[in-house]
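Residue strings, one per chain:
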Amino acid sequence: MSPLTFHIRIHSFTGAALACRVMGTKPFILHSPINCGETHGAKWFAALLAGLNNAWPNCQFEGAIDCTHHTGQALSALESNIAHVIVGDISADAMTSLRAIALQKGCHIWATTMFDQPRADATTTRVQNAMMWHDMDDHFLPEHELEKRLRAALAQL
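A quick note: this is a predicted structure, and the numbers were derived from the prediction, not measured.

Just checking my understanding: could you explain the pairing of strand β1 (residues 6-9) for this structure?
Every regular strand shows the same layout, with side chains that alternate between the two sheet faces. Side chains F6 and I8 project from β1 onto one buried face, and the interleaved H7 and R9 project onto a second face that is buried too. Relative to strand β2 (residues 28-31), β1 runs parallel, the two sharing four bridges. Paired with I8 across the two strands is L30, which belongs to β2. Between β1 and its parallel partner β2, the chain crosses via helix α1 (residues 13-23), and the hand of that crossover is right-handed. Sheet topology note: the β1/strand β6 (residues 132-135) ladder contains four bridges and is parallel. Paired with F6 across the strands is M132, a residue of β6.

Would you explain the side chain of H84 in this entry?
Along the polypeptide, H84 turns up in strand β4 (residues 84-87). Residue contacts for H84: discarding those within four places in its chain leaves I29, E62, G63, A64, I65, H108 and W110.

What is the right way to look at the sheet that holds strand β3 (residues 61-66) in this model?
Hydrogen bonding along the main chain pairs the strands of a sheet, whether they run parallel or antiparallel. Spatially, β5-β4-β3-β2-β1-β6 is the arrangement adopted by the six strands of the open sheet, whose pairing is parallel. Edge positions in the open sheet fall to β5 (108-111) and β6, since each of these has one partner strand only. Pairs of neighbouring strands in the sheet enclose a mean axial angle of 25°, with direction left out of account. Across the face of the sheet, α1 comes into contact with β1, β2 and β3 while running at roughly 170° to β2. Against the sheet, helix α4 (residues 71-79) contacts β3, β4 and β5, and its axis sits at roughly 175° relative to β4.

About the cut-offs
- Just so you know, the residues in each chain are numbered from 1, in the order the chain's sequence is written.
- For this predicted model, a pLDDT threshold of at least 70 governs which residues receive local features, and a threshold of 80 or more governs which side-chain atom pairs are given and counted, while totals over whole chains, interfaces and linings are taken from all residues.
- Side-chain numbers here rest on the full set of heavy atoms in the structure, without hydrogens or water.
- Note on exposure labels: buried denotes an accessible area under 20% of the residue type's maximum, exposed denotes more than 50%, and partly exposed covers the range between, all computed with a 1.4 Å probe on protein chains only.
- Every helix listed is a DSSP run of H or I at least four residues long, and every strand listed is a run of E at least two residues long, numbered separately from the N terminus.
- Pairing between two strands is assigned when DSSP locates at least 2 bridges connecting them.
- Handedness of a crossover is defined as follows: with both strands directed away from the viewer, a clockwise route from the first strand across the helix to the second makes it right-handed.
- Contacts: residue pairs with any heavy atoms within 4.5 Å of one another.
- Axis lines are fitted through C-alpha atoms, for helices just across the contact stretch, and the angle between N-to-C directions can take any value from 0 to 180 degrees.

On their own, these measurements won't tell you what the molecule is for.
Structure (structure tokens):
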């Protein structure tokens, strides 16, 4: 998937299922909640992805789990074959090791800085500027509102 692939952050199975239903066969990257590695665990997110794959076999998505600075959860995510693992403040040695393991498993390690909002005085363009991003807000909005907002975001592409 390219950097121009649509990215959707979910907070529950409800939001993830809605994303699959609305996206259909359009490729997208399904992001876990922030710090999911610690709060929910890599195994929870892997099970959610497996459930989605079973329910929507034609849906084209990859998972991206946010593990912040939890290298143990990042390792668990790689062991669970989650395609993209997002890490933050970890040592350079740990990052090198995680990237080597990810390469062996066909996965990717992404730094959280990839998703930073650009500063108003920034002189360089980050990948994030090209990302099409939508947060489902499914932890507090009703499903009909979630669908309306997702469809509106897709209409702007």
